[in-house]
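Fold and contact review
So you can see what is in the structure, the chains are spelled out below.
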Amino acid sequence: MGLKISELDGIVFDMDGVIFDSEVIGLESWERLGKKYGLTNVHENAMKCIGRSTVDTMAILEAAYGDKVSIPELYDEAKAICADIIAERGLPLKSGARELLSYLKERDIKVGLASSTSYKGVIKNLKGAGLLDYFHVIIGGDMIKHSKPQPEIYLLACEKLGVRPEKTVAVEDSYNGIKAAYNAKMIPIMVPDLIAPTDEILSMVYKKMDSLDAVLEYLKHKQNPSAYHRGAFIYVRKITLSLLQLRQRSSLPSSLRLRLSRNERTQQRRSCRQAS
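Let me sum up the structure you'll find in this document. (Residues numbered from 1 in each chain as written. Predicted model: local features only at pLDDT ≥ 70, side-chain atom pairs only at ≥ 80, totals over all residues. Heavy atoms only, no water.)

1. Let's talk about the nonpolar core
By size, the foremost hydrophobic cluster in this structure holds 36 residues, and its most contacted members are F13, L104, L131 and F135. Mapped onto this core, the elements with two or more residues apiece are strand 1 (10-13), helix 5 (97-106), strand 2 (110-114), helix 6 (119-129), strand 4 (168-172), strand 5 (187-190) and helix 10 (212-223). What F13 contacts, discounting residues up to four positions off in sequence, is V18, I19, L100, L101, L104, V111, G112, L113, A114, F135 and V171. In this structure, W30, M47, V69 and C82 belong to the second largest nonpolar core, which totals 20 residues. (Core = buried A, V, L, I, M, F, W, Y, C linked by side-chain atoms within 4.5 Å. Buried < 20%, exposed > 50% of the residue type's maximum accessible area, 1.4 Å probe, protein only. Helix = DSSP H or I, 4+ residues; strand = E, 2+ residues; numbered from the N terminus. Contact = heavy atoms within 4.5 Å.)

2. Structural notes on the packing of aromatic side chains
A full pass over the atoms with the stated rule returns two aromatic pairs. Between F13 and F135 the ring centres are 6.4 Å apart and the planes differ by 90°, which places this aromatic pair in the edge-to-face class. Highlighted residues: F13 in strand 1 and F135 in the loop between helix 6 and strand 3 (137-139), separated in sequence by 122 residues. Like F13, the residue F135 is buried in the burial classification. Seen from their ring centres, W30 and Y75 are 6.5 Å apart, and the 45° between their planes marks the pair as tilted. With W30 in helix 1 (residues 23-37) and Y75 in helix 4 (residues 71-89), this pair connects stretches of sequence that are 45 residues apart. For the pair formed by W30 and Y75, the shared burial category is buried. It is K105 that lies over the ring of Y134; its NZ or CZ is 5.3 Å from the centre. (Phe/Tyr/Trp six-rings, centres within 6.5 Å; stacked < 30°, edge-to-face > 60°. Lys NZ or Arg CZ within 6 Å of the ring centre and 35° of its normal.)

3. Section: helix 1
The end-to-end C-alpha separation of helix 1 is 21 Å, in line with the 21 Å expected for 15 residues at 1.5 Å each. Within the sequence span of helix 1, burial applies to E23, I25, G26, L27, S29, W30, L33 and G34. Where the residues of helix 1 are buried, they touch helix 2 (42-48), helix 3 (54-65) and helix 4. One or two residues past the end of helix 1 sits G38, with phi positive at roughly 70°. (Expected span 1.5 Å × (residues − 1).)

4. Section: the side chain of D14
Secondary-structure assignment places D14 in the loop between strand 1 and helix 1. Taking the relative accessible area as the measure of exposure, D14 reaches 5% and is therefore buried. When sequence neighbours within four positions are dropped, the list of residues in contact with D14 reads I19, A114, S115, K148, Y154, V171, E172 and D173.

5. Here's the deal with the sheet that holds strand 2
Pairing between the strands of a sheet comes from backbone hydrogen bonds, and it takes one of two forms, parallel or antiparallel. Strand order in the open sheet formed by six strands is 3-2-1-4-5-6, with parallel pairing between adjacent strands. This sheet does not close on itself; its edge strands, each paired only once, are strand 3 and strand 6 (207-208). Here strand 5 pairs with strand 6 via two bridges, running parallel. Across the sheet, the residue bridging to I189 is K207, located in strand 6. Helix 7 (residues 152-161) rests against strand 1, strand 2, strand 3 and strand 4 of the sheet, and its axis sits at about 160° to strand 3. In this fold helix 8 (residues 175-183) packs onto strand 4 and strand 5, with an angle of close to 165° to the strand it touches most, strand 5. (Pairing = 2+ DSSP bridges. Axes fitted to C-alpha atoms, helices over the stretch in contact; angles between N-to-C directions.)

6. Overview of unusual backbone geometry
Across the chain, the bulk of peptide bonds are trans and the bulk of non-glycine residues have phi less than zero. Note that the residue after K148, namely P149, is joined by a cis bond; omega there is 20°. Checked against the element boundaries, P149 lands in the loop between strand 3 and helix 7. The phi dihedral of N41 falls on the positive side, at around 55°, and the residue is not glycine. In this structure, N41 sits in the loop between helix 1 and helix 2.

7. Thoughts on the pairing of strand 1
Here strand 1 shows no split at all, with G10 and V12 on one side and I11 and F13 on the other all buried. As paired elements, strand 1 and strand 2 share four bridges and run parallel to each other. Counterpart to F13 in the pairing with strand 2 is L113. In this sheet, strand 4 lies alongside strand 1 in parallel orientation, the contact comprising four bridges. Residue pairing in the sheet places F13 in a bridge with V171 of strand 4.

8. A look at the packing of helix 1 against helix 4
Contact geometry of helix 1 with helix 4 gives a least axis separation of 9 Å together with a crossing angle of 125°. As far as their axial angle goes, helix 4 and helix 1 are oblique. Crossing geometry of helix 1 relative to helix 4 is assigned as right-handed. Residues I25, G26, E28, S29, W30, R32, L33, K36 and Y37 of helix 1 lie in contact with helix 4, whose contacting residues are L74, Y75, E77, A78, I81, C82, I85, I86 and R89. In the contact of helix 1 with helix 4, the residues fall into 11 nonpolar, two polar and five charged. (Parallel < 35°, antiparallel > 145°, perpendicular 65-115°, else oblique. Left-handed = near helix turned anticlockwise from the far one by under 90°. Nonpolar A, V, L, I, M, F, W, Y, C, P; charged D, E, K, R; others polar.)

See the structure below:
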């Protein structure tokens with residue numbers, strides 16, 4: 001499949017770890033709480049929550065620490081720590097996020113967002129970054145019954161966008177997100193954040209890319225591959241001609257090479273005067 005933009009119905013993004021570099025902030029908050037309350041295996045359990053809804057996250061935490069602490073209170077404290085970190089440092093965008101969204105908007109591509117974060121939280125983050133207007137449809141984790149890896153959130157996003165899942169790209173960073181997009185029969189592109197893909201996950205993705213910058217360049221290339229190759233051909237041709245000219249010149253007598261250099265400098269000065 002060539003994945004030309006002209007053949008796509010749309011593209012749907014995850015938010016945390018894809019648009020925003022926010023997963024690391026969540027992990028930091030949980031690790032702080034782990035030290036505070038003496039909780040073990042916090043990092044591992046927090047990683048299980050990536051890409052999951054609030055309900056699923058609470059269930060994971062309840063199974064791990066429900067006999068030690070109040071999970072609702074722990075969860076609220078984690079959110080407060082995240083808010084403090086963001087207030088102090090800001091919520092950084094992933095490299096290439098704004099440029100990719102601008103490119104899609106210029107080409108009138110339908111763009112959606114499907115995040116396990118609550119709808120209210122998603123809107124707050126997008127508004128704060130000035131990205132809200134780039135999205136035609138936004139689905140939060142509190143708008144569905146079954147979170148990722150179930151396909152419900154992506155199927156709902158496609159329905160609201162009015163696009164066919166099999167003709168729509170899903171950009172994800174997590175295992176659960178890729179599984180959800182795959183189960184929705186979409187075109188999954190993985191941009192890994194904190195977790196490297198396994199062989200199982202790689203078997204589900206259309207492409208794995210290192211960044212949103214790479215996704216943008218890929219789409220640009222697929223949009224107009226002939227221009228890409230034509231530009232490369234012209235560049236190589238210029239280099240080849242220059243090398244041939246240098247080789248031919250090196251075989252000339254020194255007096256003739258000096259005369260050619262003088263003529264070239266004269267021509268350059270004339271061109272500069274004409275340009276001014």
